Amino acid sequence: MSKKFYLTTPIYYVNARPHIGHAYTTIACDTIARRQRMLGADTFFLTGTDEHGQKIERAAEAAGKTPQEFADEVSAQFRTLWNRMGITYDDFIRTTEDRHKKRVHELFRQIRDNGHIYKGTYTGQYCVFDELYVDAVGPGAPCPECGRPTETVKEENYFFKLSAFADRLMQLYTEQPDFIRPETRRNEVMSFVRGGLRDLSISRSTFSWGIPVPDDPKHVIYVWLDALANYITAIGYGSSHKGAQEAFQKYWPADLHMIGKEIVRFHCVYWPAFLMAAELPLPKSIVAHGWLLFEESKMSKSRGNIVRAETILDVLGADALRYFLLREVVFGQDGSFSFDALVQRYNADLANGLGNLASRTLTMITRYFRGEVPYPSATVSQKAGDSAIAETARKVIAEYSSLVDQYQFSRALEVAWSLVAAVDKYIVENEPWALAENQSEESRSRLATILYTSAEALRIVTALVHPVIPDATAKIWAQLGLGDIRRFPLPDLKWGQLQLSTKLGNVEPVFPRADKTAIERMQKMEDQLRSGTTVTQAEPETQSPAAPVATHAAVAPAAKPAVVVPDGKITIDDFAKVELRVGQVKVAEKVKGADKLLRLEVDLGTEVRQVVAGIAESYAPELLVGRKVVIVANLAPRKLRGLESNGMIVAASPEGGKAVLASFLEDVPVGTRLK
Ligand code: MSP
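Right, let's walk through the structure included here. (Residues numbered from 1 in each chain as written. Predicted model: local features only at pLDDT ≥ 70, side-chain atom pairs only at ≥ 80, totals over all residues. Heavy atoms only, no water.)

As a further point, take the packing of aromatic side chains. Throughout the structure, instances matching the rule amount to 33 aromatic pairs. Centre to centre, the rings of Tyr118 and Phe159 are 5.5 Å apart; their planes meet at 15 degrees, and the pair counts as stacked. Taken together, the residues span a long stretch of sequence, with Tyr118 in strand S5 (residues 117-127) and Phe159 in strand S7 (residues 151-160) at a distance of 41 residues. Members of the aromatic cluster, each reached through a chain of ring pairs, are Tyr6, Phe44, Tyr231, Tyr237, Phe248, Tyr251, Trp252 and Trp271. (Phe/Tyr/Trp six-rings, centres within 6.5 Å; stacked < 30°, edge-to-face > 60°. Helix = DSSP H or I, 4+ residues; strand = E, 2+ residues; numbered from the N terminus.)

Quick look at the pairing of strand S24 (residues 628-632) now. In terms of residue burial, S24 counts as a mostly covered element, since five of its five residues are buried. Alternating positions in S24 separate into two faces, Lys628, Val630 and Val632 on one and Val629 and Ile631 on the other, with burial throughout. Of the pairings in the sheet, the one linking strand S21 (residues 580-590) to S24 comprises five bridges and is antiparallel in character. Among the inter-strand pairings, Arg581 is bridged to a residue of S24, identified as Ile631. Here S24 pairs with strand S27 (residues 648-652) via two bridges, running antiparallel. Among the inter-strand pairings, Val632 is bridged to a residue of S27, identified as Met648. (Buried < 20%, exposed > 50% of the residue type's maximum accessible area, 1.4 Å probe, protein only. Pairing = 2+ DSSP bridges.)

Among the 25 residues in the neighbourhood of the ligand, the closest are listed as Ile11, Thr25, Asp50, Glu262 and Leu292. Between the ligand and Gly21 there is a distance of 3.2 Å, counted from a nitrogen atom to a backbone nitrogen or oxygen. At a separation of 3.0 Å, an oxygen atom of the ligand approaches a polar backbone atom of Gly260. Elements with a contribution of two residues or more to the shell around the ligand: strand S2 (12-13), helix H1 (20-38), helix H7 (223-228) and helix H8 (230-233). (Near = heavy atom within 4 Å. Polar contact = N/O pair within 3.5 Å; in protein donor to acceptor, adjacent residues only side chain to side chain.)

In terms of nonpolar packing, the biggest core is built from 199 residues, with Tyr173 and Phe337 touching the most fellow members. If you tally residues by element for this core, the top one is helix H13 (residues 339-369), at 15 residues. When neighbours within four sequence positions are excluded, Tyr173 is seen to be in contact with Phe179, Ile180, Arg186, Val189, Met190, Val193, Cys268 and Val269. Ranked by size, the runner-up nonpolar core spans 19 residues in total, among them Val602, Leu604, Leu624 and Ala633. (Core = buried A, V, L, I, M, F, W, Y, C linked by side-chain atoms within 4.5 Å. Contact = heavy atoms within 4.5 Å.)

Of all the residues in helix H18 (residues 470-479), the buried ones are Pro470, Ala472, Thr473, Ile476, Trp477 and Gln479. The secondary structure elements touched by the buried residues of H18 are H1, helix H12 (318-328), H13 and helix H17 (441-465). Positive backbone phi, at 80 degrees, marks Gly481, one or two positions downstream of H18.

Inspection of the secondary structure puts Glu106 in helix H4 (residues 98-113). Distance in space between the C-alpha atoms of Glu106 and Cys143 is 32 Å, their sequence separation being 37 residues. Beyond its immediate sequence surroundings of up to four residues, Glu106 is in contact with Tyr237 and Gly238.

What you tend to see is this: most non-glycine residues have negative phi, and most peptide bonds are trans. Cis geometry is adopted by the peptide bond preceding Pro182, which originates at Arg181 and carries an omega value of -5 degrees. Structurally, Pro182 can be placed in the loop between strand S8 (180-181) and helix H6 (183-194). Residue Pro253 follows Trp252 across a cis peptide bond; omega there is 5 degrees. By the element assignment, Pro253 lies in the loop between helix H9 (242-251) and strand S13 (256-260). Phi at Arg370 is positive, roughly 50 degrees, even though this residue is not glycine. Checked against the element boundaries, Arg370 lands in the loop between H13 and helix H14 (384-405). By relative accessible area, Arg370 is classed as exposed at 74%. Here Tyr407, not a glycine, exhibits a phi torsion of approximately 60 degrees, which is positive.

Inspection of the secondary structure puts Lys658 in the loop between S27 and strand S28 (660-661). The sequence separation of Lys658 and Arg641 amounts to 17 residues, and the corresponding C-alpha distance is 22 Å. If we skip the residues at most four places from it in the chain, Lys658 touches Glu617, Ser618 and Ala652. Of note is the side chain of Lys658, whose polar atom sits 3.3 Å from the backbone oxygen of Glu617.

Honestly, that's just the spatial picture; any functional story needs more than this.
Okay, structure coming up:
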């Protein structure tokens, strides 16, 4: 029987549409899944969406939708994107599906029946953004994880006896050092557990968007217990169907949970403890990667610095994004994304590197050998350079495989490209085009050897990197006349397998060079999305003196109205582009060295934004905390005195007078849209 390999991505929250940070994890997993299939493993690759909890409930409310409608929309965006990118997931689980809800009940019951759940009262702080109970003290105290204001929760809850599992967890980390990778994350987790574990509240009763606690539906199950359970519910845990039970037996425990570094505690402490409590086997390994940064901070919706995958797919294609992320970012560490770096890598490594090697080698075989792979003569035409390439290829196969199996994608690709570079050099030095002008037997034989050697090296790189850049390599493989690359058994890969007289397919370029406009086009697409427009040209904002003055000190690019009515009026659609929302000031402080600026943290219901506003001369910061204000929520972020401002606060600015913040006489929920 073949080995099985079960791997998972985190299930993504549906409070925000997908960006390349999410794509990064999914691409890494897809690469691993494709490689495992080529290695012959019975692979199961799971992804999905995390749809319950207060954060989603509030996001839906702010969007004027029911949580289910909202979750349906955003979940579909994730799925559509993965489909468009050719992600080869085997199942896509949604936590609002019946199969999941029923099986979560089973898990809860099992843990309860095993005596690990009790009822108690929780009083403390909760961070809605992280969906995490925290040790902060006092109303509004900042979350120790993300710094956002926490909310005080006082409710009767079900508790999980997490404290009872500390010793077993420590034993797990010690006996299985590979349970958490990389080492830095393992150390963090061990010191967290060593610091003492408190029992964990695993239900909430102050909102209803979740899975009800079995036999006590006033409570909903804590969203992280619900979410983590997806890894077993999707493959049949707790099902009464025979097929599902068999799948669970076959695939569980997971071979790999791939996650971002911010959710290590949930996966490496809570999850194994829940599984121990349910007497279920533990996953074999949890690998945490770093963050994708954009403009120096973590790419995330709340910072407003996201880049969508679609933009890159439109301009350069999925392979370019996959290659860039895995090559550029050292896996496990944070890495920066920029359009410049993306295009530079694309041109250097893909268009001029692999793409060029493929087209020049295959074109010469087509031209000089009528499209059939020539065979190297074993005696007459062998030179040291030929066997050096074969030797390099052998080394590359071994090194690449070992690096990629340790998830060192960047180094593995560097190694693979060392073969591309070596063959390039070999071709230039041997000048096959010059040999082709001479019809002597010796020249023909030498030409055959050079082109065979190049094509064989190309075949080897192509097979190795297929899981990383599946589209282009499938095309090169077909051009090499080798059929379906997905069926190629990687363990068999070795030098010399390219058969004599293999008939090449149609030779076409796989990576057309990206021109200078590629960066501009991508940047423009993203700017338009951030400013909520679809027009092509962004123009500076102009304001009429009578209009409420936006006190965002930077002038953000505003949309050109789609329809400009002659007397300067705008249509309702133009107005609708401006997303005005009720926010509540949580933190206000002066900006050092800037008399007019205040740094505010404003809660928008679904997220807390940093806004830098020019109102320091009108308001003392302490008077603003707790106050409800109007925020333009979809302004492109701007940096002011080195601080990022995400949105602007709306105020009237009388001639020569002080700014007066727009506010409400009646109470309005935070996050409500003004329209
Ligand atoms: N829903 C939880 C996970 C539950 S798993 C049982 C969650 N969701 S999330 O939508 O916030 O996304 C989490 C994952 O998306 C991260 O762990 C990471 O894998 C990926 N990323 C989101 N933004 C990212 C970056 N800027 N950079 C790298 N990965 C990022 O947490």
